[in-house]
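So the chains spell out like this:
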Amino acid sequence: MLRHHGRYEAFIREAISLPPMRTAVVHPCSTEALRSAVELKEQGLLDPVLVGPEHKIRAIAAAAELSLEGIDIDPVEHSHAAADRAVELASTGKVTALMKGSLHSDELLSAVMAPSSRLKTERRMSHVYVMDIPAYDKLLVVTDAAINIQPDLDQKRDICQNAIDLMHLIGIEKPLVAVLAAVETVNSKMPATLDAAALTVMAARGQITGAVVDGPLAFDNAISIEAAQAKCIASPVAGQADILLVPDLEAGNMLAKQLIYFAGADAAGLVLGARVPIILTSRADPAKVRTASAALAKLMAARHHETRGIA
């Protein structure tokens, strides 16, 4: 039997030890979204502000027998307004993170990336899945499987650096990044292999920092030492990757969902590259995945405060 190894536990404990993180929960107008906000408050991870139609939120809470005692509600009429209001709260420092409720991800992220938003940085925003896979012996990050559809080379550099920075937070000092393609050799007719080779050189030249980056690598020789040895691949990353940088969103999304549904993986989701972390979970996520996602966001927010010199 394949079993989980509790690889989320260490950083969840660290996050719980910090003060609750003031978080705008955007349009929590489903039982799952509202229950998640309440449970994360009870665990000491979040201090949620529910941004959405108050009458609907209270009706859902009553029907689900959820107590909203001690939880603030910032009333707005609909999901678009909730996204805009949450971005305003984050931009003015009234909250230090955002959490997706029952609105579409595109709706929330469009508000974050709007011209009037002050949450954008010089870094490209990207999504990470931090995956606990029973058949793999450590946490594995898959990026980007949710935001960047067909990233160019510069965008892939940012996607890669975002994931590296997150791994540093959870104690991986020098993560191993496998830049994926269908093959492990450079082929001029396969753009993903050209980007992978370029990213490898960029890391060697200091344009990507804090990690060992190598590619192109096919999926099998990125995560299996036996597969890498069978193909006689000499690589510091092959067979032991911490991060899988995928060529495009479709490849990443399919890979992540295969790992979730066929390999029994848990997948904590987070958006990086904005001025505040964004917790992006699915309605199908179990409670432990929501907890892990919130814990990662809390550690990221704490790091932002440290780098700004805020106590």
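Residues numbered from 1 in each chain as written. Predicted model: local features only at pLDDT ≥ 70, side-chain atom pairs only at ≥ 80, totals over all residues. Heavy atoms only, no water.

Peer 1: I would appreciate a short explanation of the nonpolar core in the present structure.
Peer 2: Within soluble globular proteins, side chains that are nonpolar generally end up buried alongside one another. In this structure, Phe 11, Leu 50, Leu 68, Val 130 and Leu 166 are the most contacted members of the largest nonpolar core, which totals 59 residues. Among the elements that take part in this core, helix H11 (residues 287–307) stands out by supplying eight residues, more than any other. Not counting residues within four places of it along the chain, the set of residues in contact with Val 130 comprises Tyr 8, Leu 139, Leu 140, Val 141, Leu 166, Asp 266, Ala 267, Ala 268 and Leu 296. Among the nonpolar cores identified, the runner-up in size contains 26 residues, and Ala 90, Leu 108, Val 276 and Leu 280 belong to it. (Core = buried A, V, L, I, M, F, W, Y, C linked by side-chain atoms within 4.5 Å. Buried < 20%, exposed > 50% of the residue type's maximum accessible area, 1.4 Å probe, protein only. Helix = DSSP H or I, 4+ residues; strand = E, 2+ residues; numbered from the N terminus. Contact = heavy atoms within 4.5 Å.)

Peer 1: Whenever I open this one, the side chain of Ser 30 confuses me. Can you help?
Peer 2: You can see Ser 30 is positioned in the loop between strand E1 (21–26) and helix H2 (31–42). The exposure class of Ser 30 is buried, given its relative accessible area of 14%. Side-chain polar atoms of Ser 30 contact the backbone nitrogen of Ala 33, separated by 3.1 Å. Filtering out sequence-adjacent residues up to four positions away, Ser 30 remains in contact with Ile 60 and Ser 102. (Polar contact = N/O pair within 3.5 Å; in protein donor to acceptor, adjacent residues only side chain to side chain.)

Peer 1: I keep staring at the pattern of salt bridges and nothing clicks. Help me out?
Peer 2: For the coordinates displayed, the defined rule picks out 14 salt bridges. Residue Asp 154 pairs with Arg 157 through a salt bridge whose shortest N-O separation is 3.7 Å. Of the two residues, Asp 154 and Arg 157 both sit in helix H6 (residues 153–169), three residues apart, roughly one turn of that helix. Owing to a relative accessible area of 43%, Asp 154 belongs among the partly exposed residues under this scheme. (Salt bridge = Lys/Arg side-chain N within 4 Å of Asp/Glu carboxyl O.)

Peer 1: Would you mind showing me how to read helix H7 (residues 191–204) here?
Peer 2: At 3.6 residues per turn, the α-helix brings residues three or four places apart onto the same side. Across its 14 residues, H7 extends 20 Å between first and last C-alpha, which sits within 8% of the 20 Å expected from 1.5 Å per residue. Every buried residue of H7 is accounted for by Thr 193, Asp 195, Ala 196, Leu 199, Thr 200, Met 202 and Ala 203. Looking at the buried residues of H7, the elements they touch are H6, strand E7 (176–180), strand E8 (212–217) and strand E9 (243–245). Phi for Gly 206, located one or two positions after H7, is positive at around 85 degrees. (Expected span 1.5 Å × (residues − 1).)

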